[in-house]
Every structure is written in C-alpha cells, then in structure tokens.
Amino acid sequence: MILVTGGAGFIGSNFVLDWLVQHDEPIVNLDALTYAGNLNNLRSVEKDPRHIFVHGNIGDAALLSDLFTRYKPSAVVNFAAESHVDRSIHGPEDFIQTNILGTFRLLEAARAYWTGLETKSDFRFLHVSTDEVFGTLDADDPAFNEETSYRPNSPYSASKAASDHLVRAYFHTYGLPVVTTNCSNNYGPLHFPEKLIPLVIHNALQGRSLPIYGDGLQIRDWLYVKDHCSAIRRVLEAGRLGETYNIGGWNERANLHVVTTLCAVLDELQPRADGKKYSEQIALVTDRPGHDRRYAIDARKIEAELGWRPTETFESGIRKTVQWYLDNSDWVENVTSGSYRNWVEKQYA
Ligand code: NAD
Ligand code: DAU
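Residues numbered from 1 in each chain as written. Chains lettered and ligands numbered in written order. Predicted model: local features only at pLDDT ≥ 70, side-chain atom pairs only at ≥ 80, totals over all residues. Heavy atoms only, no water.

Caption draft 1: Representation of the sheet that holds strand β2 (residues 27-31). If you trace the seven strands from one edge of the open sheet to the other, you get β3-β2-β1-β4-β5-β6-β10, paired in parallel fashion. If you trace the sheet from one side to the other, it starts and ends with β3 (51-55) and β10 (244-247), each paired once. Taking each pair of neighbouring strands and ignoring which way they run, the sheet shows an average axis angle of 20°. With respect to the sheet, helix α2 (residues 61-71) is in contact with β1 (2-5), β2, β3 and β4 (75-78), its orientation differing from that of β2 by roughly 175°. Packing against the sheet, helix α7 (residues 225-238) makes contact with β4, β5 (124-130), β6 (178-183) and β10, and its axis sits at approximately 145° to β5. (Pairing = 2+ DSSP bridges. Helix = DSSP H or I, 4+ residues; strand = E, 2+ residues; numbered from the N terminus. Axes fitted to C-alpha atoms, helices over the stretch in contact; angles between N-to-C directions. Contact = heavy atoms within 4.5 Å.)

Caption draft 2: Representation of helix α10 (residues 314-327) in the model. For α10, spanning 14 residues, the distance from its first C-alpha to its last is 20 Å, which sits close to the expected 20 Å at 1.5 Å a residue. The complete set of buried residues in α10 reads Phe 314, Gly 317, Ile 318, Thr 321, Val 322, Trp 324, Tyr 325 and Leu 326. Buried residues along α10 sit against β7 (185-187), α6 (196-206), β9 (219-224), β11 (252-254), α8 (255-269) and α11 (329-335). (Expected span 1.5 Å × (residues − 1). Buried < 20%, exposed > 50% of the residue type's maximum accessible area, 1.4 Å probe, protein only.)

Caption draft 3: Local environment of the nonpolar core. Within the largest apolar cluster, 61 residues are counted, with the highest numbers of intra-cluster contacts made by Phe 15, Val 77 and Ile 302. Per-element accounting of this core gives the leading share, seven residues, to helix α1 (residues 10-22). Beyond its immediate chain neighbours, meaning those up to four positions away, Ile 302 contacts Ala 231, Val 235, Tyr 245, Asn 246, Ile 247, Gly 307 and Trp 308. Leu 3, Leu 30, Leu 106 and Phe 125 belong to the second-largest nonpolar core, a separate cluster that totals 24 residues. (Core = buried A, V, L, I, M, F, W, Y, C linked by side-chain atoms within 4.5 Å.)

Caption draft 4: Representation of the packing of aromatic side chains within the structure. Inspection of the entire model under this criterion finds 16 aromatic pairs. For the pair Phe 15 and Phe 79, a centre-to-centre distance of 5.3 Å together with 55° between the ring planes defines the contact as tilted. On the criterion of sequence distance, the pair formed by Phe 15 in helix α1 and Phe 79 in the loop between β4 and α3 (85-90) is long-range, its members being 64 residues apart. Through successive ring pairs, a cluster of aromatic residues spans Phe 134, Phe 144, Tyr 150 and Tyr 295. When the ring centre of Tyr 35 is taken as origin, the NZ or CZ atom of Arg 87, which lies over that ring, is 3.6 Å away. Lying across the ring of Tyr 245, Lys 301 places its NZ or CZ 4.7 Å from the centre. (Phe/Tyr/Trp six-rings, centres within 6.5 Å; stacked < 30°, edge-to-face > 60°. Lys NZ or Arg CZ within 6 Å of the ring centre and 35° of its normal.)

This is the structure:
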C-alpha cells in the first residue's frame with residue numbers, strides 16, 4: 001500500500017491512474033477536493049479495489065495518524081498543494097496552510113509511524129516539488145541543477161521552498177527516509193483550465209481571448225505529465241535517500257511560442273467555423289506581478305543515476321493534449337461549471 005496525497009488533482013490523478021496500470025500495490029488517495037481536486041479524474045478506477053479514496057486534509061493530524069495505523073503504507077508520495085501562482089498572489093494564506101503547515105503535519109505523522117516500524121529501511125517519503133523554488137534565470141544562465149540555490153519569488157514558490165526545507169530537515173535531524181523531486185512545468189490530460197495550456201485550449205474553443213502576460217517572451221520548460229509520473233515512480237524505486245532530483249524534458253519554450261503552437265494544432269484538428277485562425281484571439285495583457293522570466297531544468301542527474309528519460313517531445317505531447325481536450329469536452333464542461341464559470345466569464349468576457 002502507498003499513500004498518495006493530492007491524488008485527485010492534475011498530476012496526482014495522472015500518477016494514480018498510471019500506477020494502477022504499472023503496479024499491483026494498492027493506493028490510499030488522500031485529497032481535500034479543493035477547487036483543483038476532482039473525482040471525475042478518477043472515474044475509471046472508481047470500482048478498482050486497489051484504489052481507496054479518502055476525502056480529507058493533509059493538515060488533519062488525527063486523520064493522518066489513523067491512515068498510517070490502518071494502512072501501514074510502504075511509501076508516501078506528497079502531491080497535495082495549492083499549485084497556482086496567480087492565486088498565490090491574490091491570496092497566499094491557503095498556500096501557507098497547505099504547502100507549509102500541511103506538509104509539516106504529514107511529515108510528523110510519517111515520522112511517528114516510521115519510528116515504530118521494525119524494518120525502517122522499507123519506508124520512503126517522496127515529496128513532489130517544483131523548479132520554481134530556484135527563482136528565475138537570465139537568457140544565458142545555465143539551467144537549474146540540484147546544487148542551484150533556492151531563490152523563490154512568489155508566495156507559491158516560497159511556500160514550496162519552505163516545505164522542501166522541512167523535508168530536508170526531517171532527513172538530517174530524524175533520519176526519515178525522504179527524497180524530493182523538483183519538476184518543471186507539466187501539461188497534459190486532466191489539467192485544470194486556469195493554467196496556461198488548458199486555459200488557452202479552452203478559451204480558444206469558446207471563442208474567448210487568449211491572454212498572454214507581458215511580452216510573452218517568458219520561458220518555461222515543458223514536460224508531458226505522464227513523463228513526470230514515470231520519473232516519480234523511478235525515484236521512488238531507486239532514488240537515493242536524502243537526495244533531490246530535478247525532472248525536466250529539455251523543452252524550453254517562450255509562452256508566445258506555446259500559444260501559437262496550440263493555435264496551429266487547433267487550426268488543424270478543429271478549425272474555426274468562420275475560417276479564421278485561432279491566433280487572432282491572442283491578446284497581450286498586463287503582466288503577472290514578479291513574473292519569473294525563465295525556468296530551465298538540467299535533468300542530467302536523474303538521467304545518469306536512474307536511467308530515466310521522457311518519452312514525449314514538446315510537439316508530440318502538445319498534439320496529444322489538444323486531442324485529449326477535444327475528446328473530453330464533458331470533463332471540461334464539468335470542471336468549468338459553477339464557480340469557475342463565474343470567475344472566467346468576468347475575466348475573459
Ligand atoms: P493541482 O492543484 O492540480 O492538485 C492539487 C491537489 O491537491 C488537488 O486535488 C487538491 O484537492 C489537493 N489538495 C490541496 N490542498 C490539500 C490539502 N490541504 N489536503 C489534501 N489535499 C489537498 O496541482 P498539480 O498541478 O497536480 O500539482 C501537484 C504537485 O506537483 C504540487 O505539489 C505542485 O507543487 C507540484 N508541481 C506541479 C507542477 C505543474 O506544472 N503543475 C510542476 C512541478 C511540481
Ligand atoms: O514550473 C513548475 C510550475 O509550473 C508549478 O510548480 C506550478 O504549480 C504550475 O502552476 C506552473 O507554474 P507557472 O506559473 O509556470 O504556470 P502557468 O500555467 O500559470 O503559467 C505558465 C506561463 O504562462 C507563465 O509564464 C505565466 C504565463 N501565463 C499564464 C496564464 C495562466 C500567461 O501568459 N497567461 C495566462 O493566462
């Protein structure tokens with residue numbers, strides 16, 4: 001049994017679905033079902049006895065203690081977090097609560113459980129983190145590696161950095177068998193349409209504007225979500241304790257390039273009824289405060305030590321993603337109803 005947190009969110013649900021294909025080991029999936037968590041993501045495993053869903057918060061110490069006692073997990077994979085940078089700028093409180101205090105409670109519960117284990121070496125705590133903790137790069141800086149200093153710039157990345165430091169401290173102070181991964185920008189199926197790629201696909205199909213912050217020349221390093229999942233499985237299997245592993249696919253792209261690529265794929269797969277190009281919907285809008293200019297991941301450590309490689313290129317992954325959104329309009333309809341619809345209609349009327 002492994003304990004996955006945040007397994008109803010974007011990456012967590014992709015991980016759960018992949019895990020159940022690759023492994024026999026069951027999963028307890030603890031998720032608070034915030035706006036970003038969605039049980040529809042897990043509909044295909046609803047009746048699978050190897051998947052036990054628990055609706056709850058990683059900050060709930062009593063619940064955690066009960067789950068560790070009852071299920072005796074061999075590993076924890078901690079995805080649960082508030083994940084959207086823009087939301088952290090408008091309201092950082094939830095980010096502090098979940099990303100810092102929640103991770104602290106989870107570490108405490110894991111430590112209490114692990115301390116009582118007879119075979120302590122059988123347990124792993126894998127903390128899923130981000131490249132945003134390293135801050136921003138100039139055009140000619142080398143990519144982030146595992147030795148790069150932490151310089152978080154947003155409330156989101158600062159909260160993730162704090163959680164990473166706690167995880168590190170639990171290894172050095174208590175010997176808790178931890179490993180941390182720092183991944184670049186993910187994209188793919190089941191991505192909530194507040195993030196750039198699913199937002200652009202959704203807005204394009206709705207005939208809304210495609211908002212690009214500032215000059216659109218900010219660079220992100222994109223990784224197809226299934227490749228992130230395979231990297232996490234590999235780190236769980238063979239990662240060295242106390243180490244961190246950067247995960248990325250060597251796919252640096254400027255935002256403007258990402259959006260025009262999406263428009264071109266949409267033009268091909270689902271042309272506009274009026275014969276015009278989707279790129280006509282692009283609108284440069286006010287920049288995000290404190291917007292990091294460039295992220296880039298040096299993934300040589302995980303490649304050399306653990307033999308992990310991504311399978312998708314940016315182009316193949318983007319095409320698969322657009323096709324997934326076209327094939328799953330009911331999923332999009334479901335997650336964009338209610339409060340999302342009110343929010344988005346105000347922004348992109
Ligand atoms: P997401 O926002 O899609 O999903 C987060 C999930 O966590 C949701 O299901 C939500 O309900 C759950 N959750 C939130 N607060 C909780 C709490 N207090 N207790 C229990 N569950 C809670 O996020 P995501 O994009 O899937 O990211 C998952 C993890 O990966 C995060 O830790 C994020 O920092 C990290 N990460 C994301 C990316 C990316 O590009 N999306 C890249 C690198 C790392
Ligand atoms: O780098 C990893 C991080 O990637 C993760 O840790 C975060 O959880 C995840 O949300 C993501 O953060 P970003 O801020 O990079 O992702 P987002 O999709 O919000 O934005 C990608 C880029 O696109 C960024 O430069 C901001 C820009 N952008 C975003 C939105 C939503 C726009 O230009 N317009 C938009 O409407």
